[in-house]
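Coordinates in review
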Amino acid sequence: MGRKFFVGGNWKCNGTTAEVKKIVITLNEAEVPSEDVVEVVVSPPFVFLTLVKSLLRSDFHVAAQNCWVRKGGAFTGEVSAEMLVNLAIPWVIIGHSERRLILNESNEFVGDKVAYALSQGLKVVACVGETLEQRESGSTVAVVSAQTKAIADKVLSWENIVLAYEPVWAIGTGKVASPAQAQEVHFELRKWLHDNVGAEVAASTRIIYGGSVNGANCTELATQPDVDGFLVGGASLKPEFIDVIKSATVKKND
Ligand code: PGA
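Thresholds, definitions, all that
Residues numbered from 1 in each chain as written. Predicted model: local features only at pLDDT ≥ 70, side-chain atom pairs only at ≥ 80, totals over all residues. Heavy atoms only, no water. Phe/Tyr/Trp six-rings, centres within 6.5 Å; stacked < 30°, edge-to-face > 60°. Buried < 20%, exposed > 50% of the residue type's maximum accessible area, 1.4 Å probe, protein only. Helix = DSSP H or I, 4+ residues; strand = E, 2+ residues; numbered from the N terminus. Salt bridge = Lys/Arg side-chain N within 4 Å of Asp/Glu carboxyl O. Disulfide = S-S within 2.5 Å. Near = heavy atom within 4 Å. Polar contact = N/O pair within 3.5 Å; in protein donor to acceptor, adjacent residues only side chain to side chain. Areas by Shrake-Rupley, 256 points an atom, 1.4 Å probe, with all protein chains shown as cover. Nonpolar A, V, L, I, M, F, W, Y, C, P; charged D, E, K, R; others polar. Expected span 1.5 Å × (residues − 1). Arc of directions from axis to C-beta. Pairing = 2+ DSSP bridges. Right-handed = clockwise from strand over helix to strand, strands pointing away. Contact = heavy atoms within 4.5 Å. 1 Å grid on protein atoms, 1.4 Å probe; cavity = no way out; pocket = protein on both sides within 12 Å on 5 of 7 lines; lining within 4 Å. Points joined across faces, edges and corners; volume = space filled by probe spheres on them.

Within this structure, the stated rule accounts for five aromatic pairs. Consider the rings of Trp 68 and Phe 75, whose centres lie 4.5 Å apart with planes at 35 degrees: the pair is tilted. Look at Phe 75 and you get partly exposed, because its relative accessible area is 36%. Considering the side-chain rings of Trp 68 and Phe 109, the 6.5 Å spacing of their centres and the 70 degrees angle between planes classify their relative orientation as edge-to-face. Here the residue Trp 68 occupies a position in the loop between strand S3 (60-64) and helix H3 (81-86), and Phe 109 occupies one in helix H5 (residues 107-119), the gap between them amounting to 41 residues. For Trp 68, a relative accessible area of 14% puts it in the buried group.

Shown next, in the form of structure tokens:
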């Protein structure tokens, strides 16, 4: 259905100016499939966004890792969607499990953030995912469906949303979901979109996987029909991120 492969690099709260520059040099020198085949978006911490944007090759783009839920103002420590737009930052990651769980961001708050960011013209990587307890109790699909519904309830269009399925038990643990586990949840998420938003949105929305993706496991995951790319944490700080970008070519050979 023409869903362009999407590879996001989530640098989280890592890096010095020198380290960030080094990563950008590695990315700039890499030979990767063209922009028609893969969309690459890296997400440095706020303080490095403009530096990375200014140095990064023009076929790669940048994302913020969060933004404020409404218009800016007296909200100490926050960064507004308007500011990101002002700096020509095209993307923002919203609802990452580290923010949901450590900073207590609720489904509703995440839905509000996604809707506000879209209303200001940002494109959004919206994250969902279950904890190990939730998986073991058999509620994975119910949990990710509720997280997705909270977003769907607030947004007018899915055109500028990439949905990232990131099981919490796989993030930063080295315990990647098996291709079958990822495919199963991606299939359910697409079905949810089909039944609750519409067939066209279900067919066109990219659903990417995140959680211990690396250069060695990406290709097999990418062969799954409902895996449209990746959100990469730890490995996005390393040269193997290039291998994850290259896994996009798996889809071309289908
Ligand atoms: P990881 O993180 O690749 O280090 O597991 C993924 C993410 O949190 O987006």
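Picking up where we left off.
A few words on the pattern of salt bridges. Charged atoms that come close allow side chains of opposite charge to pair. One pass over the full model with this rule turns up 13 salt bridges. Here Glu 108 and Lys 154 are joined by a salt bridge, their closest N and O atoms 3.8 Å apart. Residue Glu 108 is located in helix H5, and its partner Lys 154 is located in the loop between helix H7 (140-152) and strand S6 (161-165); the two are separated by 46 residues in the primary sequence. A salt bridge links Asp 228 to Arg 190, with the nearest nitrogen and oxygen atoms 2.7 Å apart. One end of the pair, Asp 228, is in the loop between helix H10 (218-222) and strand S8 (229-232); the other, Arg 190, is in helix H8 (residues 179-196), and 38 residues separate them in sequence.

So, about the environment of Lys 149. As for its position among the elements, Lys 149 is in helix H7. Considered as a pair, Lys 149 and Asn 196 are 47 residues apart in the sequence and their alpha carbons are 8.4 Å apart.

Counted under the stated rule, the structure contains zero disulfides. No disulfide involves Cys 13; its sulfur sits 16 Å from that of Cys 127, the nearest cysteine.

A few words now on the site of the ligand. The environment of the ligand is made up of 13 residues, and the closest members are Lys 12, His 96, Glu 166, Gly 172 and Ser 212. Gly 233 has a polar backbone atom sitting 2.8 Å from an oxygen atom of the ligand. Burial of the ligand by the protein amounts to 95% of the accessible area it has alone, namely 280 Å². Considered class by class, the residues forming the shell around the ligand number four nonpolar, seven polar and two charged.

Okay, helix H1 (residues 17-29) next. The terminal C-alpha atoms of H1, which comprises 13 residues, lie 19 Å apart, in line with the 18 Å expected from a rise of 1.5 Å per residue. Among all positions of H1, only Val 20, Ile 23, Val 24 and Leu 27 are buried. Looking straight down H1, one finds its buried side chains confined to an arc of 100 degrees; they lie on one side. Every exposed residue of H1 that faces more than 90 degrees away from the buried side is listed here: Ala 18, Lys 22 and Glu 29.

For S3, the tally of buried residues reaches four of five residues, placing the bulk of the element in the interior. Across three bridges, the pairing between strand S2 (residues 38-43) and S3 is parallel. Paired with Val 40 across the bridge in S3 is Phe 60. With two bridges joining them, S3 and strand S4 (residues 91-94) adopt parallel strand pairing. Each bridged residue has a counterpart across the sheet, and for Ala 64 the counterpart in S4 is Val 92. Each parallel crossover has a hand, and the one from S3 via H3 to S4 is right-handed.

It is worth spelling out the side chain of Ser 97 at this point. Within the secondary structure, Ser 97 is located in helix H4 (residues 97-102). According to the relative accessible area criterion, Ser 97 is buried, its value standing at 10%. Non-local contacts of Ser 97, meaning those with residues more than four positions away in its chain, are made with Ile 102, Val 168 and Ile 171.

Here the largest pocket is characterised by a volume of approximately 380 Å³. As for the largest pocket, its lining consists of 15 residues, of which Lys 12, Cys 13, Gln 65, Asn 66 and Arg 99 are closest to the centre. Looking at side-chain class alone, the lining of the largest pocket contains seven nonpolar, five polar and three charged residues.

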